[in-house]
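These are the residues of each chain, in order.
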Amino acid sequence: MGSVGKHMEKTRVLVVGATGYIGKRIVMACLAEGHETYVLQRPEIGLDIEKVQILLSFKKLGARLVEASFSDHESLVSAVKLVDVVVSAMSGVHFRSHNILVQLKLVEAIKEAGHVKRFLPSEFGMDPSRMGHALPPGRETFDQKMEVRHAIEAAGIPHTYVLGACFAAYFAGNLSQMETLLPPKKKVNIYSDGNVKVVFADEDDIAKYTAKTLNDPRTLNKTVCIRCPENVLTQIELVQIWEKLTGNELEKTNIAAKDFLANIEQMEIPHQAGIGHFFHIFYEGCLTDYEVGEDEEASSLYPDVKYKRMDDYLRMFL
């Protein structure tokens, strides 16, 4: 009976940053999960036709559009008052828009609304609480995410942090090469000896886990780590999956850490940030250098999600 009771009353979810890269997937996953899904529509959208069309497509699928602006506190409070759960997917990458701290305004609105059962801030990547040593300027992402966490916790807002994997479209399809999103044809750069374990995840799966965890009592005030066992791979293993699929061996160049970081100061800021993040993932192994219990790992919490394996993912590129 318990499970029936749980599903009779729909969870009302507001997604902020809903037209973005991860945000739009979270909206789709929330709708698929049967949540009553609200989407923040900001007047600043102006003439951004792609975003407007994404919002209208959500509306067609049953999401409700709610107008509110980050420059109007009252409008944010009103939007938050409509729901039980708020999920933020504000961008935190330097080469797109870097909006992490805008979420502090959302924290203020949630605090004032006073009844929100859970807030999931924009995380989804490396665990910022473990990245205090990160290289500048890329560490700004982690410092700001921690600032948001501190505000959430200081306000006593119930929360869940979903994180722990490399987005497959940025790290797997290109065999983890920088400055491209497609697999290399002939040559591939291997970071050090290529044997550091990395976690990859299809972005749609990240969204599915997010939609499942947002009202799960087991994950209240906890971190949910996306570390699907079959997608914990070294860079060499990822390259070998591709070579097996194509029947074509790539010419490999090993890049030592000191060479990888060699000219970082001369680069544009977004590129410096990217180099730093790649360094922590592929040289230091920051995604896999700590233990995660079964009660905090997404694929063991939600075995019903048939997550996409990287060999399946790479087949798209054949």
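Cut-offs used in this document
Residues numbered from 1 in each chain as written. Predicted model: local features only at pLDDT ≥ 70, side-chain atom pairs only at ≥ 80, totals over all residues. Heavy atoms only, no water. UniProt positions renumbered as here; feature names shortened; annotations may be inferred. Helix = DSSP H or I, 4+ residues; strand = E, 2+ residues; numbered from the N terminus. Buried < 20%, exposed > 50% of the residue type's maximum accessible area, 1.4 Å probe, protein only. Salt bridge = Lys/Arg side-chain N within 4 Å of Asp/Glu carboxyl O. Axes fitted to C-alpha atoms, helices over the stretch in contact; angles between N-to-C directions. Parallel < 35°, antiparallel > 145°, perpendicular 65-115°, else oblique. Contact = heavy atoms within 4.5 Å. Nonpolar A, V, L, I, M, F, W, Y, C, P; charged D, E, K, R; others polar. Phe/Tyr/Trp six-rings, centres within 6.5 Å; stacked < 30°, edge-to-face > 60°.

- The protein chain has the name Pinoresinol reductase 1 in an unreviewed UniProt entry, where Cardamine amara subsp. amara is given as its organism.
- What UniProt states about the protein chain under its Sequence similarities (unreviewed entry) heading is, verbatim, "Belongs to the NmrA-type oxidoreductase family. Isoflavone reductase subfamily."

Looking at the side chain of T19
Then, in step 1: Mapped onto the elements of the fold, T19 is located in the loop between β1 (12-16) and α2 (23-32).
Then, in step 2: For T19, a relative accessible area of 15% corresponds to the buried category.

Re the pattern of salt bridges
Then, in step 1: Scanning all chains against the criterion turns up 18 salt bridges.
Then, in step 2: Put simply, D204 and R25 hold a salt bridge, and the shortest N to O gap is 3.1 Å. Separated by 179 residues along the polypeptide, D204 in helix α8 (residues 203-213) and R25 in helix α2 bring together distant segments of the chain.
Then, in step 3: Looking at D204, the relative accessible area reads 38%, which means it is partly exposed.

Examining the packing of helix α5 (residues 103-113) against helix α6 (residues 139-154)
Then, in step 1: Two elements in contact, α5 and α6, have axes separated by 10 Å at closest approach and are oriented at 5°. Between α5 and α6, the crossing angle belongs to the class labelled roughly parallel. On α6, the residues touching Q103, L104 and V107 of α5 are E147, V148, A151 and I152.
Then, in step 2: In terms of residue class, the contact of α5 with α6 is built from 5 nonpolar, 1 polar and 1 charged.

So, the packing of aromatic side chains
Then, in step 1: With the rule as written, the count across this model stands at 13 aromatic pairs.
Then, in step 2: Centroid distance Y191 to F278: 6.0 Å. Interplanar angle 75°. Geometry classified as edge-to-face. Pair noted here: Y191 is in strand β8 (residues 187-191) and F278 is in helix α11 (residues 269-284), with a separation of 87 residues, a long-range link. Residues Y191 and F278 agree in their burial class; the two are buried.
Then, in step 3: Ring centres of Y313 and F317 lie 6.1 Å apart, and the angle between their planes is 50°; on these two criteria the pair is classed as tilted.
Then, in step 4: F317 sits in the partly exposed class, given a relative accessible area of 25%.

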